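Chain by chain, the residues:
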Amino acid sequence: MCSENVTCNGCNSGECPDKDWCENRECTVSKKIGHCYECNEKCRKGLLAKIKPYAFTEFARRYGENYLLDCLERNEKNEIVYHREGINGDYDDFDDVEALIEYIKTGQR
């Protein structure tokens, strides 16, 4: 999903162009976890200060990574776009975390 790396294998793959300065990657590496959603802390530092990354992380924490991927695949088939131009897409026009989580889950506003 990362617009900076079309062959993205995740933040901790070592392939991200931002790996040397990313506060979130540094944190997960130091805690020896693969993803922010595996952490018990609901922090808002780094990328998680933005609503979309935070909502996606919270969704995966609550429902699991596989359900998140299933929802995204279904939504994409229904023409909901993660990145339309640059980094903005259909998941970006939200100012409420719970509303975005519901949109991911249902594909409906």
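The structure we're discussing is the one just above.
Scope of this entry: the structure provided in the associated data block.

Criteria and thresholds
- Residues numbered from 1 in each chain as written.
- Predicted model: local features only at pLDDT ≥ 70, side-chain atom pairs only at ≥ 80, totals over all residues.
- Heavy atoms only, no water.
- Axes fitted to C-alpha atoms, helices over the stretch in contact; angles between N-to-C directions.
- Helix = DSSP H or I, 4+ residues; strand = E, 2+ residues; numbered from the N terminus.
- Parallel < 35°, antiparallel > 145°, perpendicular 65-115°, else oblique.
- Contact = heavy atoms within 4.5 Å.
- Nonpolar A, V, L, I, M, F, W, Y, C, P; charged D, E, K, R; others polar.
- Expected span 1.5 Å × (residues − 1).
- Buried < 20%, exposed > 50% of the residue type's maximum accessible area, 1.4 Å probe, protein only.
- Salt bridge = Lys/Arg side-chain N within 4 Å of Asp/Glu carboxyl O.

**Observations concerning the packing of helix H2 (residues 51-63) against helix H3 (residues 65-77)**
The relative placement of two packed helices is expressed as an angle between their axes plus a distance between the axes.
Step number 1: At a minimum axis separation of 7 Å, H2 and H3 run at an interaxial angle of 125°. By the criterion of interaxial angle, the relationship of H2 to H3 is oblique. Within the contact between the two elements, H2 uses Phe56, Phe59, Ala60 and Tyr63 and H3 uses Glu65, Tyr67, Leu68, Cys71 and Leu72.
Step number 2: Taken together, the residues that form the contact of H2 with H3 break down as 8 nonpolar, no polar and 1 charged.

**Topic: H2**
Step number 1: Here H2 spans 18 Å end to end across 13 residues, near enough to the 18 Å set by a 1.5 Å rise per residue.
Step number 2: Of the residues making up H2, those classed as buried are Lys52, Tyr54, Ala55, Phe56, Thr57, Glu58, Phe59 and Ala60.
Step number 3: Positioned one or two residues after H2, Gly64 has a phi angle of 95°, which is positive.

**A closer look at the pattern of salt bridges**
Step number 1: Considering all chains together, one arrives at 8 salt bridges under this definition.
Step number 2: The partner of Glu73 in a salt bridge is Lys77, and the shortest N-O contact between them spans 3.7 Å. Taken together, the residues span about one helical turn, with Glu73 and Lys77 both in helix H3 at a distance of 4 residues.
Step number 3: Salt bridges linked by common partners bring Lys42, Glu58, Arg61, Arg62 and Glu98 together as one network.

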